[in-house]
Amino acid sequence: MTLEALLAKRGAIRKVGVIGMGYVGIPAAALIADAPGIEKVYGFQRDSPTSGYKIAMLNRGESPLKGEEPGLEALLHSVVGKKKFECTSDFSKIGGLDAVTLSIQTPFLNKDDLLPDFSALKDGILQVGRYLKPGMLVVLESTITPGTTTGFAREILESESSLVAGQDFALAHAPERVMVGRLLRNIREHDRIVGGIDPVSTRRAAELYSQVLTKGTVIPMTATAAEVTKTAENTFRDLQIAAINELALYCEAMGINVYDVRTGIDSLKGEGITRSLLYPGAGVGGHCLTKDTYHLERGMQQLGRDLLDYPKDEPSLFVLARRINDFMPRHMYRLTVDALARAGRPVKGARVAILGWAFLSDSDDARNTPSEPYRDDLIQAGANVSVHDPYVTAYPGVPITRDLDAAVRGADAIAVFAGHREYKALDPAHLKGLTGRAHPVIVDGRNLVDAGAFIAHGFVYKGIGRGDANTHEILG
């Protein structure tokens, strides 16, 4: 029997499993469960010491994700109340499903040798393979190295199940395209890239995702093209950020304000003109942009190394952009050291308050936060560091307080790393009083504070791209 015949015999997709209850898996599971044609969705989560708590929370209709996620908790409460969603650690339930998606992180062990850590993803695929039945659909949503779906993912599934992809079961890649803070909206409204290992798999995966899309539409392609699409779109965004970050460094060196330059460039509008720039900042964090370039680069080296026509001995433009963005926390450290020196204090023994541990404004997402390497540099130099974040409650090895006054009290320097709403109203007089310093330092990595107001209150100011203000006269 052909795969098409098997799928026709099974009928519409009614029971779905989502492996990985994180920033992607939770909203995806809730939205699929809310679709009219879906009878049941299981969210699969290991009952581990670090993540097992999610099972009980989700089964109460509560979101374990902190920060602002409009509509998520209400949707979870609804689908749990209707008994359309259940979180479980029992992977054997996969055997009774029509489709399974995997939303598992794929970080890199070593960026220099392009070795990704696929251990968690491989374990998830193994679990699916053990319970895989004819006529099922398997979809990888994780961002992966091009060639993965038709490579080891297919091999593991076939080895564990004794079934053949494209003949006994459908296999596809449909990468997530979400941003923390607007997860539900992104899944509903962004077009969905769907790439099967064959046309039948592509159509079956499109059938699943069409049920949750509102404004978005399905864009079909091959599995490898879908893998490249996801890694390339994030690589391009990283490239754009690197461009404005490098321009910010140039503007600092030349004594001008990068935001004036950005406004001027952005003013050029008209047919065929695209000059919009992103914003510079203290660094790029999160799970995606910090490693997707390396997935793309690795995919090219594995699939196209011998065919690539590229300037001899020139480095990858994409990898260079990634390194520029990785450099920005180190630049924040240099600005801090320079500002402390202007205030007459060495970095050794200085007290520095970091405002923002999450990498994204008004979120609790602290994955690959640029605040961490900045903190590490300070501690290595002998500074004493406090960390404040209104959303992040815990992070391994890093004490974090929600009391802003406590974090700033007695500080020689304050470094703004996140664009949280709370930091947009920082009062220079109040902060100066808390520090007890005649000339406290403020280092603005997100252009949130009014440089002139802080300088007028006696602060030593430094800001990313603020060459016009970074050498100001110290007042008071």
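Scroll up a little and you will see the structure.
Residues numbered from 1 in each chain as written. Predicted model: local features only at pLDDT ≥ 70, side-chain atom pairs only at ≥ 80, totals over all residues. Heavy atoms only, no water.

## Focus: the pattern of salt bridges
Using the criterion set out here, one finds 24 salt bridges in the structure. With a shortest N-O distance of 2.8 Å, Arg10 and Asp98 are connected by a salt bridge. On the criterion of sequence distance, the pair formed by Arg10 in helix H1 (residues 3–10) and Asp98 in the loop between strand E3 (85–88) and strand E4 (99–102) is long-range, its members being 88 residues apart. On the basis of relative accessibility, which here comes to 25%, the residue Arg10 falls in the partly exposed class. Judged by relative accessible area, which is 9%, Asp98 ranks as buried. Of the charged contacts, one joins Arg334 and Asp338 as a salt bridge, the two residues approaching to 3.7 Å between their closest N and O atoms. With Arg334 and Asp338 both in helix H12 (residues 317–342) and 4 residues apart, this pair spans about one turn of that helix. With a relative accessible area of 55%, Arg334 lands in the exposed category. We classify Asp338 as partly exposed; its relative accessible area is 31%. (Salt bridge = Lys/Arg side-chain N within 4 Å of Asp/Glu carboxyl O. Helix = DSSP H or I, 4+ residues; strand = E, 2+ residues; numbered from the N terminus. Buried < 20%, exposed > 50% of the residue type's maximum accessible area, 1.4 Å probe, protein only.)

## Things to note about the pairing of strand E8 (residues 170–173)
One face of the sheet, then the other: side chains in a regular strand alternate in exactly this way. Burial of E8 is two-sided: the residues Ala170 and Ala172 facing one way and the residues Leu171 and His173 facing the other way are all buried. Bridging between strand E7 (residues 137–140) and E8 involves 4 bridges; their strand directions are parallel. Paired with Leu140 across the two strands is His173, which belongs to E8. Where E8 meets strand E9 (residues 192–196), 2 bridges bridge the pair, whose relative direction is antiparallel. Looking across to E9, one finds that Ala172 is bridged to Gly196. (Pairing = 2+ DSSP bridges.)

## Observations regarding empty space enclosed by the protein
One pass over the full model with this rule turns up 1 cavity of 30 Å³ or more. Considering only enclosed or pocket space, the largest cavity measures out at about 50 Å³ in volume. If you trace the largest cavity, you find it lined by Pro175, Glu176, Arg177, Val178, Asn186, Ile187, His190, Asp191 and Arg192. (1 Å grid on protein atoms, 1.4 Å probe; cavity = no way out; pocket = protein on both sides within 12 Å on 5 of 7 lines; lining within 4 Å. Points joined across faces, edges and corners; volume = space filled by probe spheres on them.)

## Section: the environment of Leu137
Position of Leu137 among the secondary structure elements: in strand E7. Residues Leu137 and Gln301 lie 164 residues apart in sequence; the distance between their C-alpha atoms is 29 Å. Ignoring sequence-local partners within four residues, the contact set of Leu137 consists of Ile13, Asp98, Ala99, Val100, Ala170, Leu171, Ser201, Arg204, Ala205 and Leu208. (Contact = heavy atoms within 4.5 Å.)

## Remarks on the sheet that holds strand E13 (residues 413–416)
One open sheet holds the 5 strands; their spatial order is E12-E11-E13-E14-E15, and the pairing between them is parallel. Of all the strands in the sheet, the pair left with one neighbour each is strand E12 (384–388) and strand E15 (460–463). Going across the sheet, the axis of each strand differs from the next one's by a mean of 15°, ignoring polarity. Both E13 and strand E14 (residues 441–444) contribute to a ladder of 4 bridges, which runs parallel. (Axes fitted to C-alpha atoms, helices over the stretch in contact; angles between N-to-C directions.)

## What to know about the layout of surface pockets
Here the second largest pocket is characterised by a volume of approximately 340 Å³. Surrounding the second largest pocket, 14 residues form its lining, Glu297, Met300, Leu308, Tyr310 and Ser316 being those nearest its centre. Secondary structure elements with two or more residues in the lining of the second largest pocket: helix H11 (289–303) and H12. At 4 residues, the largest contribution of residues to the lining of the second largest pocket is made by H11. Looking at the lining of the second largest pocket residue by residue, the class counts come to 8 nonpolar, 2 polar and 4 charged. (Nonpolar A, V, L, I, M, F, W, Y, C, P; charged D, E, K, R; others polar.)

Honestly, that's just the spatial picture; any functional story needs more than this.
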